Amino acid sequence: MRLAGLLVFLDPPKPDAAAALGRLATLGITVKIVTGDNPAVAAKVCQDVGLPAGTTLTGADIDNLDDPHLAAAITTTTVFARVSPEHKARIVRLQRMTGRAVAFLGDGVNDALALHAADVGISVDSATDVAKDAADVILLEKSWPTVSPRADGSSPTPSSTS
């Protein structure tokens, strides 16, 4: 066998992501990354947008934790990587049990369970139909600034939400 080529995909963070994450932080909103992606990729994205990666848990790690231990780990974990749809929903449910409001932003079929489990499920207009059906709010723009101004209690503008 011989290598005939290499295909690389690049999906860089949006240029406004770092500023929007900073705005969320000033509002007291904690951001967690919950993804099916590789832990190293998720940590790199955090670095690129200025979000301290902190502790990372994988789906395999989560499988080894009962609910009380996972609930405790959520408080010190920023990145949850290589997680399944069931893991995502479990993380959301446990976070909700702390009494905090939980929003979940997702655009794929694998996000539907967590979108349903969240206090507010957020998706985007370009998402899969399954994700849009599971969401409470559908953003017409796939942009962090579209999300962050709403967190301070201001009214959403008709041009950015559905």
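The structure presented is a predicted model; accordingly, all values stated were derived computationally and were not measured.

Analysis parameters
Residues numbered from 1 in each chain as written. Predicted model: local features only at pLDDT ≥ 70, side-chain atom pairs only at ≥ 80, totals over all residues. Heavy atoms only, no water. Helix = DSSP H or I, 4+ residues; strand = E, 2+ residues; numbered from the N terminus. Buried < 20%, exposed > 50% of the residue type's maximum accessible area, 1.4 Å probe, protein only. Contact = heavy atoms within 4.5 Å. Areas by Shrake-Rupley, 256 points an atom, 1.4 Å probe, with all protein chains shown as cover. Pairing = 2+ DSSP bridges. Right-handed = clockwise from strand over helix to strand, strands pointing away. Salt bridge = Lys/Arg side-chain N within 4 Å of Asp/Glu carboxyl O. Axes fitted to C-alpha atoms, helices over the stretch in contact; angles between N-to-C directions. Core = buried A, V, L, I, M, F, W, Y, C linked by side-chain atoms within 4.5 Å.

Considerations on the overall build of the protein
Here's step 1: The helix and strand inventory of the protein stands at eight helices and six strands.
Here's step 2: The linear arrangement of helices and strands in the protein, starting from the amino end, is α-β-α-β-α-α-β-α-β-α-β-α-β-α.
Here's step 3: In the protein, buried positions account for 36% of the 162 residues.
Here's step 4: Partitioning the contacts of the protein with sequence separation of at least 6, the portion at a separation of at least 24 is 42%.
Here's step 5: As displayed, the protein has an accessible area near 9500 Å², and 57% of this comes from carbon and sulfur atoms.

Re the pairing of strand 5 (residues 120-124)
Here's step 1: For strand 5, the tally of buried residues reaches four of five residues, placing the bulk of the element in the interior.
Here's step 2: Strand direction decides the pairing type here: strand 4 (residues 103-105) and strand 5, joined by three bridges, are parallel. Paired with Leu 105 across the two strands is Ile 122, which belongs to strand 5.
Here's step 3: On the question of chirality, the crossover connecting strand 4 to the parallel strand 5 by way of helix 6 (residues 112-117) is right-handed.

Focus: the environment of Asp 107
Here's step 1: Counting through the fold element by element, Asp 107 comes out in the loop between strand 4 and helix 6.
Here's step 2: Accessibility expressed as a relative area gives 31% for Asp 107, which makes it partly exposed.
Here's step 3: Residues Asp 107 and Ala 135, 28 residues apart in the sequence, show an inter-C-alpha distance of 9.2 Å.

Things to note about the pattern of salt bridges
Here's step 1: Within the structure shown, the criterion is met by five salt bridges.
Here's step 2: In this structure, Asp 48 and Lys 44 form a salt bridge, with 2.5 Å as the shortest nitrogen-oxygen distance. In this pair, Asp 48 and Lys 44 are both assigned in helix 2 (residues 39-49), four residues apart and thus about one turn of the helix distant.
Here's step 3: What makes Lys 44 partly exposed here is its relative accessible area of 43%.
Here's step 4: Here Arg 96 makes a salt bridge to Asp 119, at a shortest N to O gap of 2.8 Å.

As for the sheet that holds strand 5
Here's step 1: As summarised here, the arrangement of the three strands in space is 4-5-6, forming an open sheet in which the pairing is parallel. Only two strands of the sheet have a single neighbouring strand rather than two, namely strand 4 and strand 6 (137-139). The sheet shows a mean angle of 25 degrees between the axes of neighbouring strands, direction not considered.

Digging into the nonpolar core
Here's step 1: The biggest cluster of nonpolar side chains holds 25 residues, and the ones touching the most others in it are Ile 62, Phe 80, Val 92 and Phe 104.
Here's step 2: Within the residue set of this core, elements represented by two or more residues are helix 4 (67-74), helix 5 (85-96), helix 6, strand 5 and helix 7 (129-134).

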